[in-house]
Amino acid sequence: MKRQRDIVDQLVSFTRRARFKRIPERVRALAKIHIIDSVGVMLAGAASPSARTLHCRLFAVDPGSGSEVIGIEGTWDPALAAFANTYSARVYDYDDVQATETSTYGLLTHPTAPVLAAALAIGQSRNVSGEALLTAYLAGVEVAARLADSVDSKLLLDGLPPTATFGGIGALLAAAKLLELRPKAVRSALSIWESTTARDGHAVEAPLNATLRDAQSARMAVEAALLAAEGMTIDISALRFPSVLETLSGTTTAPPVLATLKGPPIRKSSATEHYILDPGFAIRIYPSHPLSHPAIDLMLAIVNLHGLRPKDIKRVEVGITRVMAEVLSLTLPTTVAELRRNLPFALALAACDGVVAPNDFDRLTKRKALHDFMPRVHATVDPELVDLGHARAWTIVRVTLDNGRVIEMRTEVAKGAPQKALIQIELFHKFYQGAFCSLDEQRAEQVLSRLWMLEEVRDVASLFEADESWSDHADHHDHGH
């Protein structure tokens, strides 16, 4: 129990020490970039059929507690708002994913969605400033990302859900930061969250299952922080099942999640405190499993640079790492659940359309061109890539044309990764692509401009409010898009 308490105390202390003025300018800028990306994804997800069904069910009665569900009018109970916004961010599997130098890329947490949803829920209901929101967000994603990066890859491959687990802890600590909870109250909140949150996952499962689990984790993180703020306490040692914190400390027979950690989860040096900066988070430009993105990038480059049509291509060979082969689906897809991790389907889209759109992975298609192309895609573990490690999504795409010509390209990271970051216009394009699913042009412009100036916002409850006079105001605050 002492090791468990040490870990908890370290996380609580790290979060409480976070101050806006100590955050480097570059880190603040990156935080706003990922918040903008996540809000755009939330706005897209809010318009999805399943999210609309969810909203009708959950919000039939307006509790009027001051937190917004992005893309939906009115204010709601903070915990339900966190649930809905996390769901919207995750439903298309289009939100950011953490990079790594020590673990396996593509299997770690989706850092922003649960933490931002929780911070917004508390922040809007308590009328906090943009500075406070940024500080809490950065503290929460730092905790979530560092804990997830310490996980043994085998646990991830076996189905440990890092976003529901570590994203939930990050969400709770961000909420606790905004509620200014004392350490004892934060420990109680973690106990409440642990006792009410299901995190059992499966290595292969329907995306909607993971989305609901991640959303429920964020919901209970907010609920637990609010209950602790009101004085509710639970002693984690009284729980009758192994807690995630016991698992972290290796004090049970469950796999010790931090067993391979070489140092403390949160480094004390200010130069290395900001995981969002190094190794960073990847912004996804395709709504599919992140390990499929490098191959999609290469296929799009080959097709568009050489002006190829599907009929020109005889065979596509894809060389990938062993972990990628274990995670991605390499056969013809038979269910919607397979689509987002199905490599033949993703490369067929790239080859046939020359572009991969946000809604391409929503349903099984009967398009003859795609069905004809998928059997031409052959993915195997490439011996050349086996010894390169798993911190990058090493990929080789080799296209053989009907005339016998072979075109080969290779990469280790996809567009949107920290090493190939989106430029401003690409970020704004993705934001508007999502925002226009739920907002008109003027409202989308207002939201983006406020997020771009987030540290100047006095009350985050105003972030998504309509402002009819915005066109005059925006002339003085152009953000360059």
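What counts, and where the lines are drawn
- Residues numbered from 1 in each chain as written.
- Predicted model: local features only at pLDDT ≥ 70, side-chain atom pairs only at ≥ 80, totals over all residues.
- Heavy atoms only, no water.
- Helix = DSSP H or I, 4+ residues; strand = E, 2+ residues; numbered from the N terminus.
- Buried < 20%, exposed > 50% of the residue type's maximum accessible area, 1.4 Å probe, protein only.
- Contact = heavy atoms within 4.5 Å.
- Areas by Shrake-Rupley, 256 points an atom, 1.4 Å probe, with all protein chains shown as cover.
- Pairing = 2+ DSSP bridges.
- Axes fitted to C-alpha atoms, helices over the stretch in contact; angles between N-to-C directions.
- Patch = residues over 30% accessible without salt bridge, like charges linked within 9 Å, V, L, I, M, F, W, Y side chains within 5 Å.
- Salt bridge = Lys/Arg side-chain N within 4 Å of Asp/Glu carboxyl O.
- Lys, Arg positive; Asp, Glu negative; His and termini not counted.
- Charge placed at Lys NZ, Arg CZ, Asp CG, Glu CD.
- Expected span 1.5 Å × (residues − 1).
- Polar contact = N/O pair within 3.5 Å; in protein donor to acceptor, adjacent residues only side chain to side chain.
- Parallel < 35°, antiparallel > 145°, perpendicular 65-115°, else oblique.
- Left-handed = near helix turned anticlockwise from the far one by under 90°.
- Nonpolar A, V, L, I, M, F, W, Y, C, P; charged D, E, K, R; others polar.

Trainee: Could you give an account of the overall build of the protein chain, with specific residues and numbers?
Mentor: Within the protein chain one finds 21 helices and eight strands. Here the protein chain, with 481 residues, has 58% of them falling under the buried criterion. Restricting to contacts in the protein chain with at least 6 residues of sequence separation, those with at least 24 account for 74%. In the form shown here, the protein chain has an accessible surface area of approximately 19800 Å², with 52% of it arising from carbon and sulfur atoms.

Trainee: Give a detailed account of the sheet that holds strand E5 (residues 313–320), specifying residues and quantitative values.
Mentor: Spatially, the four strands line up as an open sheet ordered E6-E5-E7-E8, and their pairing is mixed. Bordering the open sheet on either side are strand E6 (377–381) and strand E8 (406–411), each of which pairs with just one other strand. Geometrically, the sheet is characterised by an average inter-axis angle of 15° between neighbouring strands, direction not taken into account. Pairing analysis gives six bridges linking strand E7 (residues 395–401) to E8, with the strands arranged antiparallel. By the bridge assignment, Ile 396 is partnered in E8 with Arg 410. Seen against the sheet, helix H13 (residues 293–305) touches E5, E7 and E8 and runs at an angle of roughly 35° to E7. Contacts between helix H16 (residues 343–353) and the sheet are confined to E5 and E6, with E5 contributing the most and set at about 130° to the helix.

Trainee: So what about a positive patch on the surface? Which residues, and what values?
Mentor: Residues Arg 16, Arg 19, Arg 22 and Arg 182 make up a contiguous surface patch of positive charge. Its place among the elements puts Arg 22 in the loop between helix H1 (2–17) and helix H2 (25–46). Classification of Arg 22 as exposed rests on a relative accessible area of 58%.

Trainee: Summarise the pattern of salt bridges; cite the residues concerned and give the values.
Mentor: A complete count under the given rule lists 22 salt bridges for this structure. Of the charged contacts, one joins Arg 187 and Asp 9 as a salt bridge, the two residues approaching to 2.9 Å between their closest N and O atoms. Here the residue Arg 187 occupies a position in helix H9 (residues 183–196), and Asp 9 occupies one in helix H1, the gap between them amounting to 178 residues. Classification of Asp 9 by relative accessible area gives partly exposed; the value is 30%. The partner of Lys 368 in a salt bridge is Asp 372, with the nearest N and O atoms 2.7 Å apart. Here Lys 368 and its partner Asp 372 are both found in helix H17 (residues 368–373), four residues apart, which amounts to about one turn of the helix. Residue Lys 368 is classed as exposed on the basis of its relative accessible area of 60%. Through salt bridges with shared partners, a single network forms among Arg 315, Glu 317, Glu 384, Arg 398, Glu 408 and Arg 410.

Trainee: Which residues make up helix H20 (residues 441–452), and what values go with them?
Mentor: Compared with the 16 Å implied by 1.5 Å per residue over twelve residues, the 16 Å span of H20 between its first and last C-alpha is a close match. The buried fraction of H20 is high, at nine of twelve residues. Of the positions making up H20, those classed as buried are Arg 443, Ala 444, Glu 445, Gln 446, Val 447, Leu 448, Ser 449, Arg 450 and Leu 451. Where H20 begins, the capping side chain belongs to Asp 440, and its oxygen is found 3.2 Å from the backbone nitrogen of Gln 442.

Trainee: Give me the packing of H13 against H16: which residues, what numbers.
Mentor: Running from N to C, H13 and H16 cross one another at 25°; their axes reach a closest spacing of 9 Å. Taken together, the axes of H13 and H16 lie roughly parallel to each other. Remark: the crossing between H13 and H16 carries right-handed chirality. Taken together, the residues of H16 that come into contact with H13 (itself represented by Ala 295, Ile 296, Met 299, Leu 300 and Val 303) are Leu 343, Ala 346, Leu 347, Ala 350 and Ala 351. Classifying every residue of the contact of H13 with H16 by side-chain character gives ten nonpolar, no polar and no charged.

Trainee: Tell me about helix H6 (residues 130–149), and please be specific about residues and values.
Mentor: The end-to-end C-alpha distance of H6 is 28 Å, a good match for the 28 Å that 20 residues give at a rise of 1.5 Å each. Within H6, 18 of the 20 residues are buried, which leaves it mostly tucked inside the rest of the structure.

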